[in-house]
Amino acid sequence: MAVELKVPPLGESITEAVVGKWNKKKGESVSVDEPLVVLETDKVTIDVPAPAAGAIATIAFKEGDKVRVGDVLGTIEAGGASASAPAPQQAAAPAPAPAAAPAPSAAADTRITPTARKIVEENNLDVAQLKGSGTGGRIMKEDALGQLSRPASEAPAPARAPAPAAPSGPRPRADREERVKMTPLRRRVAERLLQAQSNAAILTTFNEVDMGEVMDLRKQYNEKFQAKHGVKLGFMSFFVRAAIEALKTFPQVNAEIEGEDVVFKRYYDIGVAVSGARGLVVPVLRDADTLSLADMEKKIGDFGVRAKNDKLTLSDLQGGTFTISNGGTFGSMLSTPILNPPQTGILGMHNIVERPVARNGQVVIRPIMYLALSYDHRLIDGREAVQFLVRIKDCIEDPTRLLLEI
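On a predicted model such as this, the values are computed, not experimentally measured, just so you know.

## Observations regarding the overall build of the protein chain
Inference 1: Check the secondary structure of the protein chain and you find 10 helices and 19 strands.
Inference 2: Buried positions account for 39% of the 406 residues belonging to the protein chain.
Inference 3: If you take every contact in the protein chain between residues at least 6 apart in sequence, the share linking residues at least 24 apart comes to 62%.
Inference 4: Working note: accessible area of the protein chain is about 23,500 Å², and carbon and sulfur atoms make up 53% of it.

Laid out in structure tokens, this is it:
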């Protein structure tokens, strides 16, 4: 009896996905709940398990195809034998004489671009004879095309007329291009960025913050903090706590516009942008105002590990009332972050650089970070935005304010 393998519900507001990878081929045996196919959505990847034990009977969608919730990905012949298992007569057949180990195929070589690989396979070229011109010796399309234009043997043939000279000048640009489909995550990011630009009046205000006090505090207590809590004391937890204090003072930055209404959030779900395997994602610290600095650091560290391993779930990414993005980890000095709809504010952190500043009439060198607050001007006026950023600056430059909530 054939059992259908269907696309499961993908989460709130997500109706389609892309087939990322089949873990089994047609005819291979599977067990119950074994992950058969990976689906990629605009937020996370989802493993679709086998609903029954048996063998793969049909595969309806190949890798790269778009599918919707409820589509039948394929069927499983319940209790069917694996076609990949050798038949008895095959097992009894005499083994062929051992042959020399073949050279690695182009399909298995990760040092070759997909376009070059296709040319190699269609023309039966020897990958070992190709010299890559790409980064790290990677074989590019033009390398494969160049091999096609060479004679079959490098030794000169006296009776053969010399090969025509290669055309002078650079190759056409089309020969040096590679077309790759945009990933679902990148498509969704593009849509949301365009949506944010089109549906909000985005304005950005800037300030600078002296990181000296926080850095001294980390230097003094980081070892004890790590020994007790098992995690390093980072900068992000301080900024999350400072942002919450500012959000309490200026609640419109923690609100959203819904039609003709303004929805004020009396809770603080802070999105923290982290770099993952498929790009930038924003998991959410739920009820961040109830978390200690140690709890925040543990959760942020866990988000980072799971993002790199592509293990974040939909629930990790949904919601959020305010977002913090740290471009400083990549060396950014200054930027204008774009809102994460329907939120009305996003804080941008940047790298810390020692700069000359005036203190008490003297020029001193201090570790300075530039901060940026992008906000929806439809709801937040410039005065509130500036004061919001000043509140964060005050909390970071005097961390005792975070403890005393003043």
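So that's the structure; there's more coming.
## A closer look at empty space enclosed by the protein
Inference 1: Going through the model one piece at a time under the given rule, you end up with two cavities of 30 Å³ or more.
Inference 2: Taken as a whole, the second largest cavity encloses approximately 30 Å³ of empty space.
Inference 3: Every residue along the wall of the second largest cavity is listed here: Asn254, Ala255, Glu256, Lys265, Gly320, Thr321, Pro342 and Gln343.
Inference 4: Here the residues of the lining of the second largest cavity are counted per class, giving two nonpolar, four polar and two charged.

## Thoughts on the sheet that holds strand E1 (residues 2–6)
Inference 1: Taken together, the four strands give an open sheet; going across it, the order is E1-E8-E6-E3, and neighbouring strands pair in antiparallel fashion. One side of each edge strand has no neighbouring strand; the edge strands of this open sheet are E1 and strand E3 (29–30).

## Comments concerning the packing of aromatic side chains
Inference 1: Applying the stated rule across the entire model yields two aromatic pairs.
Inference 2: Note on Phe250 and Phe388: the rings are 6.4 Å apart at their centroids and 65 degrees apart in plane angle, and the pair reads as edge-to-face. Of this pair, Phe250 sits in the loop between helix H6 (236–249) and strand E10 (255–258) while Phe388 is found in helix H9 (residues 382–397), placing the two residues 138 residues apart along the sequence. Neither residue differs from the other here; Phe250 and Phe388 are each classed as buried.
Inference 3: Judged by centre distance (5.7 Å) and plane angle (55 degrees), the rings of Phe322 and Phe388 are tilted.

## A word on unusual backbone geometry
In terms of backbone geometry, most residues other than glycine have negative phi values and most peptide bonds are trans.
Inference 1: A cis amide bond links Pro341 to the next residue, Pro342, at an omega of 0 degrees.
Inference 2: Position of Pro342 relative to the elements: it lies in the loop between strand E16 (322–326) and strand E17 (345–349).
Inference 3: A positive phi is found at Asp33, a non-glycine position, where the angle reads about 70 degrees.
Inference 4: Relative to the assigned elements, Asp33 resides in the loop between E3 and strand E4 (35–40).
Inference 5: Overall, the relative accessible area of 55% leaves Asp33 in the exposed class.
Inference 6: A positive phi is found at Asn360, a non-glycine position, where the angle reads about 55 degrees.
Inference 7: Counting through the fold element by element, Asn360 comes out in the loop between strand E18 (352–359) and strand E19 (362–376).
Inference 8: Taking the relative accessible area as the measure of exposure, Asn360 reaches 82% and is therefore exposed.

## So, H9
Inference 1: Helix length check: H9, at 16 residues, gives a terminal C-alpha distance of 22 Å against a target of 22 Å (1.5 Å per residue), a fit within 8%.
Inference 2: Among all positions in H9, only Glu384, Ala385, Phe388, Leu389, Arg391, Ile392, Lys393, Cys395 and Ile396 are buried.

## Some remarks on the pattern of salt bridges
Inference 1: Inspection of every chain in the model, using the stated rule, returns 14 salt bridges.
Inference 2: Across the pair Glu4 and Lys6 runs a salt bridge, and its minimum N-O distance is 3.7 Å.
Inference 3: Given a relative accessible area of 45%, Lys6 falls into the partly exposed group.

## Observations regarding the environment of Ala55
Inference 1: Within the secondary structure layout, Ala55 lies in strand E6 (residues 54–59).
Inference 2: Overall, the relative accessible area of 5% leaves Ala55 in the buried class.
Inference 3: In this structure, the C-alpha to C-alpha distance between Ala55 and Gly79, residues 24 residues apart in sequence, is 7.0 Å.

## Overview of the pairing of E19
Inference 1: The sheet contact formed by strand E9 (residues 202–210) and E19 spans nine bridges and is antiparallel. Considered in E19, the bridge of Phe206 is made with Ala372.
Inference 2: Across four bridges, E17 lies against E19 in antiparallel orientation. In the strand pairing of E19, Gly348 is matched with Ala372.
Inference 3: As judged from the eight bridges shared by E18 and E19, these two strands associate in the antiparallel manner. Bridge pairing in E19 links Ala358 to Val363.
Inference 4: Linking E18 to E19, which pair antiparallel, is a turn of two residues; within it Asn360 sits at a positive phi near 55 degrees.

## Observations regarding the packing of H6 against H9
Inference 1: Closest axis-to-axis distance for the H6/H9 pair is 9 Å, and the angle between their directions is 135 degrees. Our classification of the angle between H6 and H9 gives oblique. H6 and H9 meet at a crossing whose hand is right-handed. Only Phe388, Arg391, Ile392, Cys395 and Ile396 of H9 make contact with H6, whose side of the interface consists of Phe238, Phe239, Ala242, Ala243, Glu245, Ala246, Leu247 and Thr249.
Inference 2: Split into classes, the residues belonging to the contact of H6 with H9 amount to 10 nonpolar, one polar and two charged.

Reading the values: the criteria
Residues numbered from 1 in each chain as written. Predicted model: local features only at pLDDT ≥ 70, side-chain atom pairs only at ≥ 80, totals over all residues. Heavy atoms only, no water. Helix = DSSP H or I, 4+ residues; strand = E, 2+ residues; numbered from the N terminus. Buried < 20%, exposed > 50% of the residue type's maximum accessible area, 1.4 Å probe, protein only. Contact = heavy atoms within 4.5 Å. Areas by Shrake-Rupley, 256 points an atom, 1.4 Å probe, with all protein chains shown as cover. 1 Å grid on protein atoms, 1.4 Å probe; cavity = no way out; pocket = protein on both sides within 12 Å on 5 of 7 lines; lining within 4 Å. Points joined across faces, edges and corners; volume = space filled by probe spheres on them. Nonpolar A, V, L, I, M, F, W, Y, C, P; charged D, E, K, R; others polar. Pairing = 2+ DSSP bridges. Phe/Tyr/Trp six-rings, centres within 6.5 Å; stacked < 30°, edge-to-face > 60°. Expected span 1.5 Å × (residues − 1). Salt bridge = Lys/Arg side-chain N within 4 Å of Asp/Glu carboxyl O. Axes fitted to C-alpha atoms, helices over the stretch in contact; angles between N-to-C directions. Parallel < 35°, antiparallel > 145°, perpendicular 65-115°, else oblique. Left-handed = near helix turned anticlockwise from the far one by under 90°.

Fair warning: the whole summary comes from geometry, so function is off the table for now.
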